[in-house]
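Chain and residue survey
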Protein chains: 4
Amino acid sequence: MRIKVGIVGGTGYTGVELLRLLAAHPGVELTAITSRGERGAKVSDLFPNLRGRVDLVFVEPDEAVLGKCDVVFFATPNGTAMNSAPVLLGEGVRIIDLAADFRLRQPQEWEQWYGMPHACPELLAEAVYGLPEVNREAIRHARLVANPGCYPTAVQLGFLPLLEAGLIDRQSLIADAKSGVSGAGRKAEVGILLCEAGDNFKAYNVAAHRHWPEIRQGLTEATGKPVELVFVPHLTPMIRGIHATLYATLTDPKADLQAVFEGRYANEPFVDVMPPKSHPETRSVRGANQCRLAVHQPRNGKTVVVLSVIDNLVKGAAGQAVQNMNLMFGLPETTGLEGIALLP
Amino acid sequence: MRIKVGIVGGTGYTGVELLRLLAAHPGVELTAITSRGERGAKVSDLFPNLRGRVDLVFVEPDEAVLGKCDVVFFATPNGTAMNSAPVLLGEGVRIIDLAADFRLRQPQEWEQWYGMPHACPELLAEAVYGLPEVNREAIRHARLVANPGCYPTAVQLGFLPLLEAGLIDRQSLIADAKSGVSGAGRKAEVGILLCEAGDNFKAYNVAAHRHWPEIRQGLTEATGKPVELVFVPHLTPMIRGIHATLYATLTDPKADLQAVFEGRYANEPFVDVMPPKSHPETRSVRGANQCRLAVHQPRNGKTVVVLSVIDNLVKGAAGQAVQNMNLMFGLPETTGLEGIALLP
Amino acid sequence: MRIKVGIVGGTGYTGVELLRLLAAHPGVELTAITSRGERGAKVSDLFPNLRGRVDLVFVEPDEAVLGKCDVVFFATPNGTAMNSAPVLLGEGVRIIDLAADFRLRQPQEWEQWYGMPHACPELLAEAVYGLPEVNREAIRHARLVANPGCYPTAVQLGFLPLLEAGLIDRQSLIADAKSGVSGAGRKAEVGILLCEAGDNFKAYNVAAHRHWPEIRQGLTEATGKPVELVFVPHLTPMIRGIHATLYATLTDPKADLQAVFEGRYANEPFVDVMPPKSHPETRSVRGANQCRLAVHQPRNGKTVVVLSVIDNLVKGAAGQAVQNMNLMFGLPETTGLEGIALLP
Amino acid sequence: MRIKVGIVGGTGYTGVELLRLLAAHPGVELTAITSRGERGAKVSDLFPNLRGRVDLVFVEPDEAVLGKCDVVFFATPNGTAMNSAPVLLGEGVRIIDLAADFRLRQPQEWEQWYGMPHACPELLAEAVYGLPEVNREAIRHARLVANPGCYPTAVQLGFLPLLEAGLIDRQSLIADAKSGVSGAGRKAEVGILLCEAGDNFKAYNVAAHRHWPEIRQGLTEATGKPVELVFVPHLTPMIRGIHATLYATLTDPKADLQAVFEGRYANEPFVDVMPPKSHPETRSVRGANQCRLAVHQPRNGKTVVVLSVIDNLVKGAAGQAVQNMNLMFGLPETTGLEGIALLP
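To start, this report covers the structure provided alongside it. (Residues numbered from 1 in each chain as written. Chains lettered and ligands numbered in written order. Predicted model: local features only at pLDDT ≥ 70, side-chain atom pairs only at ≥ 80, totals over all residues. Heavy atoms only, no water.)

**Examining the sheet that holds strand β6 (residues 144–146) of chain D**
Taken in spatial order, the six strands line up as β2-β1-β3-β4-β6-β5 (chain D) in an open sheet, and their pairing is parallel. Both outer strands of the open sheet, β2 (28–34) and β5 (128–129) of chain D, are each paired with one neighbouring strand and no more. (Pairing = 2+ DSSP bridges. Helix = DSSP H or I, 4+ residues; strand = E, 2+ residues; numbered from the N terminus.)

**So, unusual backbone geometry**
Here the bond from L343(B) into P344(B) is cis, since omega is 0°, no more than 30 degrees from zero. Positive phi values are uncommon outside glycine, yet D199(B) reaches one of about 45°. We classify D199(B) as buried; its relative accessible area is 13%. Despite not being glycine, N300(D) shows a phi value in the positive range, around 50°. Considering the arrangement of structural elements, one finds N300(D) in the loop between β12 (291–296) and β13 (303–310). In this structure N300(D) comes out as exposed when scored by relative accessible area, which is 63%. (Buried < 20%, exposed > 50% of the residue type's maximum accessible area, 1.4 Å probe, protein only.)

**Here we look at the relation of the copies chain D and chain A**
Rotating chain D by 180° and moving it 0.0 Å along the rotation axis overlays it on chain A with an RMSD of 0.0 Å. Interpreted geometrically, this transformation is the action of a two-fold axis. Minimal C-alpha distance to the rotation axis in chain D is attained by P237(D), lying at 3.1 Å. (Least-squares fit on C-alpha atoms with pLDDT ≥ 70 in both.)

**Considering the interface of chain A and chain C**
If you look at the interface, chain A gives 19 residues, while chain C gives 19 residues. Roughly 1,500 Å² is buried in total at the junction of chain A and chain C, and carbon and sulfur atoms are behind 74% of that figure. Interface area lost by chain A to chain C is led by L193(A), L194(A) and C195(A), which between them contribute 40%. Linking chain A with chain C are two salt bridges. For the salt bridge of R186(A) with E196(C), the shortest nitrogen-to-oxygen distance reads 3.5 Å. In terms of residues, the side of chain A that touches chain C owes the most to one element, helix α8 (residues 194–197) of chain A, which gives four residues. Taken together, the residues of the side of chain A that touches chain C sort by class into 12 nonpolar, two polar and five charged. (Contact = heavy atoms within 4.5 Å. Buried area = accessible area lost by both parts, 1.4 Å probe. Salt bridge = Lys/Arg side-chain N within 4 Å of Asp/Glu carboxyl O. Nonpolar A, V, L, I, M, F, W, Y, C, P; charged D, E, K, R; others polar.)

**Description of the pairing of β13(D)**
Residue and element names in this part refer to chain D. Within β13, eight of the eight residues are buried, leaving the element largely enclosed by the surrounding structure. Side chains T303, V305, L307 and V309 project from β13 onto one buried face, and the interleaved V304, V306, S308 and I310 project onto a second face that is buried too. Two strands pair when backbone bridges link them, and strand β10 (residues 242–249) and β13 are joined in this way by eight bridges, in the antiparallel orientation. What sits directly across from A248, in β13, is V304. Summarising the sheet, β12 and β13 pair through six bridges and their orientation is antiparallel. Within β13, the position partnered with C291 by the bridge is I310. Hairpin connection of β12 to β13: six residues between the antiparallel strands, including R299 at a positive phi of 50°.

**Focus on the relation of the copies chain A and chain C**
With an RMSD of 0.0 Å, chain A superimposes on chain C once it is rotated by 180° and translated 0.0 Å along the axis. Here 100% of the contact residues of chain A are again contact residues in chain C; the copies associate through an equivalent surface.

**Focus: the interface of chain D and chain A**
The figure often quoted for interface size is the accessible area lost as the parts come together. Chain D puts 46 residues into the contact, and the matching count from chain A is 46 residues. Summing the contributions of chain D and of chain A, the shared interface buries around 3,700 Å²; its carbon and sulfur component is 55%. Residue K178(D) is joined to D176(A) by a salt bridge in which the shortest nitrogen-to-oxygen separation is 3.1 Å. Taken together, chain D and chain A are joined by 31 residue pairs in polar contact (both at pLDDT 80 or more). For the side of chain D that touches chain A, the secondary-structure elements that each account for two or more residues are β7 (173–179), α8 (194–197), β8 (202–203), β9 (229–235), β10 and β13 of chain D. Here the residues of the side of chain D that touches chain A sort into 22 nonpolar, 13 polar and 11 charged. (Polar contact = N/O pair within 3.5 Å; in protein donor to acceptor, adjacent residues only side chain to side chain.)

**Considerations on helix α7 (residues 150–164) of chain C**
Note: α-helices contain 3.6 residues per turn, so residues at a spacing of three or four share the same orientation. Residue and element names in this part refer to chain C. Taking 1.5 Å of rise per residue, the 15 residues of α7 would be expected to cover 21 Å, and the 21 Å separating its terminal C-alpha atoms lies within 8% of that figure. At G158, α7 shows its largest bend, some 30°, and a proline, P161, comes one to four positions later. Burial analysis of α7 places 14 of its 15 residues in the buried class, which makes it a mostly covered element. Directly after α7, the chain includes G166, whose backbone phi takes a positive value near 65°. (Expected span 1.5 Å × (residues − 1). Bend = angle between axes of the 7 residues up to and from the residue.)

**Digging into empty space enclosed by the protein**
Picture a little ball the size of a water molecule; that probe, rolled over the atoms, points out where space is still empty. One pass over the structure, following the stated rule, counts five cavities of 30 Å³ or more. The volume enclosed by the largest cavity comes to roughly 410 Å³. In terms of residue class, the lining of the largest cavity is made up of 16 nonpolar, four polar and four charged. When its volume is computed, the second largest cavity comes out at roughly 70 Å³. Forming the walls of the second largest cavity are I239(A), R240(A), R286(A), L342(A), P344(A), I239(B), R240(B), R286(B), L342(B), P344(B), D199(C) and D199(D). Residues of the lining of the second largest cavity, tallied by class, amount to six nonpolar, no polar and six charged. (1 Å grid on protein atoms, 1.4 Å probe; cavity = no way out; pocket = protein on both sides within 12 Å on 5 of 7 lines; lining within 4 Å. Points joined across faces, edges and corners; volume = space filled by probe spheres on them.)

**Some thoughts on the pattern of salt bridges**
All names here are of chain A. With the rule as written, the count across this model stands at 88 salt bridges over all chains. The shortest N-O distance in the salt bridge between D311 and R240 comes to 3.0 Å. Taken together, the positions of D311 in the loop between β13 (303–310) and α11 (314–328) and R240 in the loop between β9 (229–235) and β10 (242–249) put the pair 71 residues apart, joining distant regions of the chain. With respect to class, D311 is no different from R240; both count as buried. Within this structure, E17, R20, R240 and D311 form a network of salt bridges that share partners.

**Thoughts on the sheet that holds β9(D)**
Residue and element names in this part refer to chain D. What the seven strands build is an open sheet, ordered β8-β9-β7-β10-β13-β12-β11; its pairing is mixed. Only two strands of the sheet have a single partner each, and these edge strands are β8 and β11 (271–273). Pairing of β8 with β9, which is carried by two bridges, proceeds in the antiparallel orientation. Within β9, the position partnered with K202 by the bridge is L235. Strand contacts of helix α10 (residues 257–264): β11, β12 and β13, with the helix running at about 160° to β12, the strand carrying the most contacts. (Axes fitted to C-alpha atoms, helices over the stretch in contact; angles between N-to-C directions.)

**Considering the environment of C150(D)**
Residue and element names in this part refer to chain D. Take C150: it is sitting in helix α7 (residues 150–164). As for C150 and L98, which are separated by 52 residues in sequence, their C-alpha atoms are 9.9 Å apart. When near neighbours in sequence (up to four residues on either side) are disregarded, C150 contacts H211, I242, I310, N312 and G316.

**Quick look at the pairing of strand β2 (residues 28–34) of chain A**
Of the strand pairs in this sheet, strand β1 (residues 3–8) of chain A and β2(A) are connected by six bridges, and their pairing is parallel. When the sheet's bridge partners are listed, G6(A) is paired in β2(A) with A32(A).

Put into structure tokens, the structure is as follows:
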């Protein structure tokens, strides 16, 4: 029996990536994909890479159709999933939200960062933050999964071993993160035109980025102790990929950091701790549900440097969502996620 | 029983692409991969996208090891496979050469274009030109397959329907082809540095390119009548992809060109004739073993324009080689080649 | 006495390029720059490369302000300049339109291709087509110059020597042209996002492109005899640059084509005929008001291949406009246009 | 009287950029350019952007020729200039070395980082570190200028105002720097191929980079007090540009950082302090001799973030070298350096 899957809002990059992964997933039946703007259009007309593989037509978002699914992915703008979640959950549909609606625990904090009141604050406590490397067991039984943001995935996976082992000062974390342009979505905006973002590099939102509270909350919840960080995102002229360069002050400069990382992720199918002195490249995870990490301690000093790469659309979005679905439905966690990164 | 596969010269882009495809191929056992320069190195150290998926170490090219394989792929520079082919064939190993050693029928022509005498001209008649859309039956029984060049694949698939149907003047074909930089291989050369080939566009080898005789021979053999063409290759600042824009003079401007193309490729799993007025994009086949075609007749005039896209490393090299292997070993032709193009 | 210059619509790529050139032009006083959308904004806030060099603020388009200028450049969408031209000309202001309003001679043809009636068809006969290599003398005395399109500049400069010398069949020209993405302008459109146009190559508008009638008219007028051509534009993943690959059938395959080209452009400051066997690169003209050409005759056959490169924003737009201004105001033609291309 | 200029080793990217700048410099006579490998070749054959602008032919490096110059630029690999400097200085030629030979004060440190003994350690004390914003007066009178590295220029200009004002902890600086690929030079190396460095992002040399001791020495000398820093360089898929993101711990979180930066650089022609909340883009300095800076204090916390961008080939190499030459020969500092950045 295949899992009946619905996708709401499949016209963006996380949507087409979900379709790429789910069309090849042996345990899934793609049941419905919705889009107001593209209603009636063939999915494969919008995304010709899916020609011959996905026959669906975009339909109007409709709870009757979605209500027949076992699980619905929301690949929508922030503020959409929260409007449909209560009804769908009431009909027994499980939900994986790839947007931010259920990522922050406090409704006031959500309102502050996302600029609108939360439509169903009563669900925030139930929602499980879908980082399997932290919340695997809770995800298995979740009705509602908040799929993490792309930066938060890369940053948390890099800091977690150090924080859990108590090896760094929790009050002075720095995350200098660089993202490919697909992280900004498939939107008609001047700033992400090839002629604006190409052959160019810049920081953005240094004062405040919505992933900052998510990272802070995630690291605090995962380790039970408050953390503070400075987070500086940058736009880099490539399509996919996040590279987070993480800095922290070691409380014990003698610790065997490599062993700590290898131990922490020994059984994780999608986190790869590279050998000492490695420099993971974003292309080594292009299209793959992988995070690759390397840990450095320049000149054996007090500062640890962690390098963390993911594909923002896969481990940072659609792939992690499928990983969560596998957990929720009792499938092997790696089902449909075995694709090898495309290099070059 | 899995097919025992050897790869000679796996350190280039066609090599790593073969490994990506074969590592996920359910009917294959990767048995040996050779490289003089990288002997002793782990394959996944050179290509970290294969970490956790390919455990092989590069070994010295050695006929004892290769002789135990069912099939050996040569992903080597031109002029290498011809030196090993007679011995390996003698040991019952089948060969798929991704280089040019067995593509041209006439040894003198080979010598003229590749600058060295052919080492085993007696095999040229036996070698099967591995374009399944033309030579499928012969490939099934071949011991030695000459895998087509990347440009020749894109150009021939575009011209074939028109030539076979007798709809164009065979003496004035024009192929204006644009290739991503991976077509030039993984070589330490200044001309393909990011700072030379990036944000730049140029033609090259307008006077003479080695794929010109291959295309001419292929179209002539496939249709039984001589053709002449002008072939102008260009380098375009992207990694993967070939876009061939083909021009020919129609002998019958009233013919239903769309129907001719759709009919010709109706049963081809890896050739996709797009709807009228389409403009296939190279990214729609990135990483996929697909050729997408569109046929245009501007202002219903005498000139037909065919647009043909492939991924030069997949349908233009490693993917087509696996397709040929599937045919040679009686597997379903699409086995291991179902990957969907990565978009964006 | 400096030329008082106004710019209408300076928020696009031709606008900022005009500003870059004019800010460093010793004979010019930048007097006004208008934009409805950016009224009140500092030009250098929109385009930080101009910080410290251009102090202007965008103002509302206003004929009172513009009327004080000696010349007004329109860097506006098609259909804008034609509404202001009669009034400004009436006030003695000379006009250089970088859009298409005055490029086609026949108002019906304009309406057919641009989808709106022409606002001042009576000016079409007076407008001078601003290709100095053809119309230099007329430009000197023009009140109204229609600055050529980017593709038409590259294509015409490549075909002109052959047509003028009567060396090719005028009825079967083929222009296969590739443009960087800046040719599409600075518009919020999905198709020119980095994630859509990057690492990708495609043809577009094969059925019909607005530059087709312009090229046909230009070549016909320049040579006094009708020409027919097939024109296929492509989008290539770079920012600036056009590479036109031109094909024609020689009527005399023995002609010394190199000499014809060198003779034709011997005195042209901005057309560079490269040595035989050259392959001009778009980056060799990046940022420079240059066209570089090479002529090939593969295998001494009947087909001539011309390679023509320009920077679409310079010789294909803003640079050519300044060249025209220099001619109109009696300055040395190269004033302010001596910048050397940025390579790499 | 024009300055007679020689260039040693003009076949790399700093060489061609020097030629671009000097060919348009009104006070310079390009006298000789040397290259062993390209002896006899026209400079403009190697770099076609210089066609019609530079007529020189590469000559064998020869002290007789160079000895007639007023100044010689070394655009050579590290370890070359130190072999010729004593003789040339003895002949009264002034030297600007764009490589690292004279950047470090201590010969042992040079040997440690560059892997060879220093050929003329006696000159190290005399050599002036060519950062005009620090050493302007000394440069005016220098015989021998050590032109700073690209990363060191961007990093030092960003940290200097804070260090000079005593506003940050000098022992815990972090410089997270991202460079375009041209920083790696024009060398036939696999790692900087378009297919390796394109659509990819990675850190490199995290353990140790040669610019680390240069930055540390430069900041220590400029401020008279020792500093310590962690420096992590990254390769970003673009041609030109460095973006340094700098982190430090404020000793006085109430200080008016914007005023400190604006005051420090008020009279600097090539350092642009952008308004509060700015995010300078590398393309805003592409081709221009500019450093643009912005200073941030996220959430008014204890960490200051400085964003610093330069073109690594201009303010990070050839442009700064010309700036130094202008100072050394009493020309206005901006002569020949007024070019506006190319955007887009």
